[in-house]
Amino acid sequence: WFTVGDGSFVVRRYAYEDTTPVVTLTDGPTGTLTSASVNLTADGAYNSVAVTAERLDGGDPILVIERNINALSPYRYGGLFGRRVKKVRMQSASGIADAQRVALSQLAASTALTRQWSMSCVPDYRLEPADVAAVSWRGVSDVQIIDSITYPLSPTGAMTISARSSISS
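Figured I'd write up the structure that's included with this text. (Residues numbered from 1 in each chain as written. Predicted model: local features only at pLDDT ≥ 70, side-chain atom pairs only at ≥ 80, totals over all residues. Heavy atoms only, no water.)

In this section: the sheet that holds strand β10 (residues 140–150). Sheet strands line up and pair through hydrogen bonds in the backbone, either parallel or antiparallel. Within the open sheet, the six strands sit side by side as β3-β9-β10-β11-β8-β4. Their pairing is mixed. Of all the strands in the sheet, the pair left with one neighbour each is β3 (23–26) and β4 (33–41). Here the strands of the sheet are splayed against their neighbours by 35° on average, with no regard to which way each runs. Where β10 lies against strand β11 (residues 159–167), five bridges are found, and the strand directions are antiparallel. The partner of Ile146 across the bridge, within β11, is Ala163. (Pairing = 2+ DSSP bridges. Helix = DSSP H or I, 4+ residues; strand = E, 2+ residues; numbered from the N terminus. Axes fitted to C-alpha atoms, helices over the stretch in contact; angles between N-to-C directions.)

Encoded structure:
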């Protein structure tokens, strides 16, 4: 994650390897969650990634296409999920290997449905975007990557969190 000039934070969507929670957010008598909602979406799910890049040496542009062709995957390119192509434009690449590395990492990060949580809780100023949280609300539990946090400006306000996790199948 990083900050933008206007003060907002941006979280890039990559496949997270370490999903060890740094915090547990729960409801109930000892929990800090005051509300939560869960949404399942295919937004951001692709089964093909096309990367184009200009070469550093001024040669012909590079085009690399990577597809999910696993016959057992519910998101297989051309299968029931259809053909969803994500186009990525790199500013420059030293070669095809650079563009292929980007295409593979983008495909790994986007070949799944997303479970999104929106939560309100008691403020915890230790949290920041890209932290991993174990969440539990009314019997539904999940491990989520925090995308955005809104901190309250008053001592009685609630902190709101938007988070997501990928559903591999």
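Moving on: the packing of aromatic side chains. For any two aromatic rings, the description comes down to two numbers: the centre-to-centre distance and the angle of the planes. This model, assessed by the stated rule, comprises two aromatic pairs. Ring geometry for Tyr75 and Phe81: centres 5.3 Å apart, planes at 85°, overall edge-to-face. Classification of Tyr75 by relative accessible area gives buried; the value is 6%. Ring geometry for Tyr125 and Tyr151: centres 5.1 Å apart, planes at 25°, overall stacked. Linking Tyr125 in the loop between β8 (113–121) and β9 (132–137) with Tyr151 in the loop between β10 and β11, this pair joins segments that are 26 residues apart in sequence. The exposure class of Tyr151 is partly exposed, given its relative accessible area of 32%. Here Arg84 stacks its cationic end above the ring of Tyr46, 5.7 Å away from the centre of that ring. (Phe/Tyr/Trp six-rings, centres within 6.5 Å; stacked < 30°, edge-to-face > 60°. Buried < 20%, exposed > 50% of the residue type's maximum accessible area, 1.4 Å probe, protein only. Lys NZ or Arg CZ within 6 Å of the ring centre and 35° of its normal.)

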